[in-house]
Amino acid sequence: MSSPSSSVMLLVLMLTALLKAASAETFHRAGQISFGNELANILNGGKLLTLSLDNSTGSGYQSTNTYLFGRFDMNIKLVPGNSAGTVATFYLSSQGANHDEIDFEFLGNASGQPYTIHTNIYSQGVGNREQQFRVWFDLTAAFHKYTVIWNPQLIILMVDDTPIRVFNNNEAIGVPFPNSQAMTVYATIWDGETWATEGGRIPTDWTQAPFTASYESFVINACEYSSGSSSCGSSETTNSVTEASLTQSLDSEEQEKLLWVQENCMIYNYCTDYERFPQGLPPECNQPYYLQ
């Protein structure tokens with residue numbers, strides 16, 4: 001029979017894990033402004049991050065820790081009005097020429113036109129796996145949740161808990177997959193005037209600057225990685241949400257939602273761009289979309 005003190009300690013550990021899984025990080029605690037100086041601000045006691053772009057520079061934020069697998073959530077409200085030429089981001093990336101990267105990029109547009117959600121996956125320095133979406137709501141009217149789930153089997157990108165993209169681990173057929181380089185979490189806004197809006201045909205109206213995107217509810221349930229060691233595997237440091245993310249795949253209902261998004265909201269898919277790949281589509285494009 002366990003002693004009262006050990007039972008109390010177990011309860012404390014369980015409650016701590018639950019609170020850690022449910023609560024958002026403060027931006028002060030989770031990271032720091034990386035560039036932009038006065039154009040980047042952490043407000044409301046660390047609960048709100050605003051990133052702005054003017055005609056001299058953008059701004060950015062990055063996590064203090066690096067991570068190897070997990071779940072990353074961020075609520076974002078994008079630049080209202082005429083945001084043509086602006087690019088706001090939420091992404092994970094390692095360092096170096098052979099870096100890995102998982103991207104959400106939000107491409108602005110002229111007033112009244114929808115934002116484009118641009119996604120990409122890099123592994124060992126190679127990307128070229130873009131998918132783009134125009135979703136079912138106004139990205140500028142309110143905060144919406146964007147999620148990256150990254151584990152050894154797959155990457156899932158979600159919007160308001162609806163999956164919009166899955167990238168499976170197809171190393172067995174020679175497709176590189178991000179599974180060995182720890183990544184930092186980034187949020188940025190920058191000038192993409194030369195390509196972001198209709199291929200650069202619509203320029204940025206700098207009289208509307210500064211352009212500001214807002215971020216909140218930054219939640220990290222992931223494996224911290226430092227000096228070759230992962231925080232995962234210890235019951236004292238790994239919460240239930242992190243554990244679930246390490247084996248997560250899509251259930252049948254989520255697969256149906258993903259299919260709906262792909263059929264109704266996708267505006268570009270590298271896996272159907274035969275002109276771009278005249279010698280044949282990348283090998284993962286011919287594989288089953290869902291993990292069984």
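Attention in this report is confined to the structure presented alongside it. Note that the coordinates shown come from a computational prediction; the quantities given were computed from them, not determined experimentally.

How each quantity is defined
- Residues numbered from 1 in each chain as written.
- Predicted model: local features only at pLDDT ≥ 70, side-chain atom pairs only at ≥ 80, totals over all residues.
- Heavy atoms only, no water.
- 1 Å grid on protein atoms, 1.4 Å probe; cavity = no way out; pocket = protein on both sides within 12 Å on 5 of 7 lines; lining within 4 Å.
- Points joined across faces, edges and corners; volume = space filled by probe spheres on them.
- Helix = DSSP H or I, 4+ residues; strand = E, 2+ residues; numbered from the N terminus.
- Nonpolar A, V, L, I, M, F, W, Y, C, P; charged D, E, K, R; others polar.
- Core = buried A, V, L, I, M, F, W, Y, C linked by side-chain atoms within 4.5 Å.
- Buried < 20%, exposed > 50% of the residue type's maximum accessible area, 1.4 Å probe, protein only.
- Contact = heavy atoms within 4.5 Å.
- Polar contact = N/O pair within 3.5 Å; in protein donor to acceptor, adjacent residues only side chain to side chain.
- Expected span 1.5 Å × (residues − 1).
- Phe/Tyr/Trp six-rings, centres within 6.5 Å; stacked < 30°, edge-to-face > 60°.
- Pairing = 2+ DSSP bridges.
- Axes fitted to C-alpha atoms, helices over the stretch in contact; angles between N-to-C directions.

1. Brief notes about the layout of surface pockets
Then comes step 1: Within this model, the largest pocket holds a volume of roughly 290 Å³.
Then comes step 2: Sorting the residues of the lining of the largest pocket by element identifies strand E12 (162-168) and helix H4 (252-264) as the ones contributing at least two each.
Then comes step 3: Here the element with the most residues in the lining of the largest pocket is E12; it accounts for four residues.
Then comes step 4: Per-class residue counts for the lining of the largest pocket are 10 nonpolar, seven polar and two charged.

2. A closer look at the nonpolar core
Then comes step 1: One finds Phe72, Phe104, Phe106, Ile117, Tyr146, Trp150 and Tyr215 to be the most contacted residues of the largest nonpolar core, which totals 56 residues.
Then comes step 2: Other than its neighbours up to four places away in sequence, isoleucine 117 contacts Phe104, Glu105, Phe106, Gln131, Gln132, Phe133, Val135, Leu139, Tyr146, Val159 and Ile164.
Then comes step 3: Membership of the second largest hydrophobic core comes to seven residues, among which are Ile149, Val166, Leu250 and Leu258.

3. Here we look at the side chain of serine 93
Then comes step 1: With respect to the helices, strands and loops of the structure, serine 93 is situated in strand E6 (residues 86-93).
Then comes step 2: Residue classification places serine 93 among the buried positions, given a relative accessible area of 6%.
Then comes step 3: There is a polar contact of 3.4 Å between the side chain of serine 93 and the backbone oxygen of aspartate 100.
Then comes step 4: For serine 93, the residues in contact, after removing those within four places along its chain, are His99, Asp100, Glu101, Met183, Thr184 and Tyr186.

4. Quick word on H4
Then comes step 1: Taking 1.5 Å of rise per residue, the 13 residues of H4 would be expected to cover 18 Å, and the 18 Å separating its terminal C-alpha atoms lies within 8% of that figure.
Then comes step 2: Looking at the packing, one finds that the buried side of H4 touches strand E9 (131-133), strand E11 (154-159), E12 and strand E16 (266-269).
Then comes step 3: For H4, the N-terminal cap is aspartate 251; the gap from its side-chain oxygen to the backbone nitrogen of glutamate 253 is 3.2 Å.

5. Quick notes on the packing of aromatic side chains
Then comes step 1: Tallying each qualifying case throughout the model produces 15 aromatic pairs.
Then comes step 2: Here tyrosine 91 and tyrosine 186 contribute two aromatic rings whose centre-to-centre distance is 5.0 Å and whose plane-to-plane angle is 15°, an arrangement assigned as stacked. A residue pair is termed long-range when its members are at least 10 positions apart, and tyrosine 91 in strand E6 and tyrosine 186 in strand E13 (residues 184-191) qualify at 95 residues. Tyrosine 186 carries the same exposure label as tyrosine 91, and that label is buried.
Then comes step 3: For the ring pair phenylalanine 104 and phenylalanine 106, a centre distance of 6.0 Å and an interplane angle of 5° mean the geometry is stacked. Here the two residues phenylalanine 104 and phenylalanine 106 agree in accessibility, since each one is buried.
Then comes step 4: Here the aromatic residues Phe90, Phe104, Phe106 and Tyr146 are joined through ring pairs into a cluster of three or more.

6. Some words on the sheet that holds strand E4 (residues 59-63)
Then comes step 1: Here eight strands make up an open sheet; going across it, the order is E1-E4-E13-E6-E7-E8-E9-E16 and the pairing antiparallel. In this open sheet, the two strands that pair with only one neighbour each are strand E1 (31-35) and E16. Geometrically, the sheet is characterised by an average inter-axis angle of 15° between neighbouring strands, direction not taken into account.
Then comes step 2: When E6 meets E13, the two strands line up antiparallel, connected through eight bridges.

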